[in-house]
Amino acid sequence: MPELPEVETTRRGLALKLQDRRITRIEARRPDLRFPLPADFAARIRDRQVEALERRAKYILLRLSGGLVWLIHLGMSGRMVIRQGWPNDIGPHDHVIFGTDDGWSVTFNDARRFGMMDLIEAPALAGHKLLGNIGPEPLDDAFTPAVLIAALHGKRTPMKAALLDQRVVAGLGNIYVSEALYRAGIHPERLAGSVAPKRLEKLVPAIKDVLLEAVEAGGSSLRDYVQTNGELGYFQTRFRVYDREDQPCHACQRPIKRIVQSGRSTFFCGHCQK
């Protein structure tokens, strides 16, 4: 599933072509994705101007004229592809297509249909059921060691699970939690409430660094993810532990281990992470 860097990369790509443009044409080629599309979905969007493009956790937010917010989640395989002109090669998984007043089009392709879209009146955005309980953005200055220490105090869940909890910190997923814990030297099975504050002080910059590096690299081209221009991200070439089972640790040369936590693979160095 696309994580924060992939979603942020997608947001930036969309912003290059959609900022201040008017949506003149839109086609919803099916009535639902993961959930049914809102009533009169296309009609409510058509002829509105895109005033801002934002990201909250793993959600893209298009703020449209008239106080309407278009919320998009890419799901497991969703991607937004930008091209000049209306596409003439529309495929079976191209579910939503829209065009702008200067001739660009965006296609939302989602083979597995785990993505979703919603339309929200701006005043109701903060209380939306998908956004209301999300924690701080990890790339914001407000996400500090003190904030993380307070959020993890007394937690008896493993560090990996704690960081995947969107109420603790927004947007982190399986890949980048593994990478950040490695950089901070923290074992993914350690109980979150037992990690010393001094060690958590190293984890916050590790989270920020790995996310910023991944955004700069255009994300990780795992499975279906591509950028808005159709190119693959390449941060996967910089993985230090993720998907490197039995390969040598870059620091100690011992083999990287893999375990399963909550049904998902976790990669770590048993020597460097305590």
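Before going further, it helps to examine the sheet that holds strand E1 (residues 23–28). Taken in spatial order, the four strands line up as E1-E6-E7-E5 in an open sheet, and their pairing is antiparallel. A single partner strand is all that each edge strand has here, and the edge strands are E1 and strand E5 (79–84). Pairs of neighbouring strands in the sheet enclose a mean axial angle of 15 degrees, with direction left out of account. With six bridges connecting them, E5 and strand E7 (residues 104–109) associate as antiparallel partners. Among the inter-strand pairings, Val 81 is bridged to a residue of E7, identified as Thr 107.

Counting residues in hydrophobic clusters, the biggest one holds 36 residues, and the most contacted among them are Leu 148, Leu 152, Met 159, Leu 163, Leu 203 and Ile 207. Of all the elements, helix H6 (residues 197–216) adds the most residues to this core, at eight residues. For Ile 207, the residues in contact, after removing those within four places along its chain, are Pro 138, Phe 143, Leu 163, Leu 172 and Ala 180. Grouped together as the second largest cluster of nonpolar side chains are 27 residues, Ala 42, Ile 45, Val 50 and Ile 60 included.

This next bit is on the packing of helix H1 (residues 4–18) against H6. Running from N to C, H1 and H6 point in directions that differ by 45 degrees, and their axes come no closer than 9 Å. When the interaxial angle is binned, H1 and H6 end up oblique. In the packing of H1 onto H6, the handedness of the crossing is right-handed. Only Leu 211, Ala 214 and Val 215 of H6 make contact with H1, whose side of the interface consists of Leu 4, Pro 5, Glu 8, Thr 9 and Arg 12.

This next bit is on the state of the cysteines. One pass over the full model with this rule turns up zero disulfides. The closest cysteine sulfur to the non-disulfide-bonded Cys 269 is located on Cys 252, 3.5 Å from its own sulfur.

The next point concerns the pattern of salt bridges. A full pass over the atoms with the stated rule returns 17 salt bridges. Across the salt bridge formed by Glu 245 and Arg 258, the nearest N and O atoms sit 3.3 Å from each other. Placement of Glu 245 in the loop between H6 and strand E9 (257–261) and of Arg 258 in strand E9 is noted, with a sequence separation of 13 residues between them. Overlapping salt bridges bring together Glu 8, Arg 11, Arg 12, Arg 55, Arg 56 and Glu 137 as one network.

This brings us to the layout of surface pockets. Taken as a whole, the second largest pocket encloses approximately 220 Å³ of empty space. Tyr 59, His 73, Leu 130, Ile 134 and Gln 166 are, among the 13 residues lining the second largest pocket, the residues nearest its centre. Of the residues that constitute the lining of the second largest pocket, the class distribution is six nonpolar, four polar and three charged.

Let us look at the side chain of Arg 244. Of note, Arg 244 is situated in the loop between H6 and E9. No salt bridge forms around the buried Arg 244; measuring N to O, its nearest opposite-charge neighbour Glu 179 is 7.3 Å away. Residue contacts for Arg 244: discarding those within four places in its chain leaves Phe 239, His 250, Ile 256 and Phe 267.

Time to look at the confidence of the model for the protein. Scored by pLDDT, the protein has a mean of 92; 92% of the residues are at 70 or more. Long-range and interchain partners of residues 221–226, a stretch whose pLDDT sits below 50, account for 22 contacts in this model, where long-range means more than four residues apart.

If you check the backbone angles, Asp 47 has positive phi at about 75 degrees while not being a glycine. Note that Asp 47 resides in the loop between helix H2 (41–45) and strand E2 (50–56). A residue is classified by how much of its surface remains accessible, and Asp 47, at 47% relative accessible area, is partly exposed. For Gln 253, which is not a glycine, the phi torsion comes out positive at approximately 70 degrees. Secondary-structure assignment places Gln 253 in the loop between H6 and E9.

Calculation criteria
- Residues numbered from 1 in each chain as written.
- Predicted model: local features only at pLDDT ≥ 70, side-chain atom pairs only at ≥ 80, totals over all residues.
- Heavy atoms only, no water.
- Pairing = 2+ DSSP bridges.
- Helix = DSSP H or I, 4+ residues; strand = E, 2+ residues; numbered from the N terminus.
- Axes fitted to C-alpha atoms, helices over the stretch in contact; angles between N-to-C directions.
- Core = buried A, V, L, I, M, F, W, Y, C linked by side-chain atoms within 4.5 Å.
- Buried < 20%, exposed > 50% of the residue type's maximum accessible area, 1.4 Å probe, protein only.
- Contact = heavy atoms within 4.5 Å.
- Parallel < 35°, antiparallel > 145°, perpendicular 65-115°, else oblique.
- Left-handed = near helix turned anticlockwise from the far one by under 90°.
- Disulfide = S-S within 2.5 Å.
- Salt bridge = Lys/Arg side-chain N within 4 Å of Asp/Glu carboxyl O.
- 1 Å grid on protein atoms, 1.4 Å probe; cavity = no way out; pocket = protein on both sides within 12 Å on 5 of 7 lines; lining within 4 Å.
- Points joined across faces, edges and corners; volume = space filled by probe spheres on them.
- Nonpolar A, V, L, I, M, F, W, Y, C, P; charged D, E, K, R; others polar.
- Lys, Arg positive; Asp, Glu negative; His and termini not counted.
- pLDDT = per-residue confidence, 0-100.

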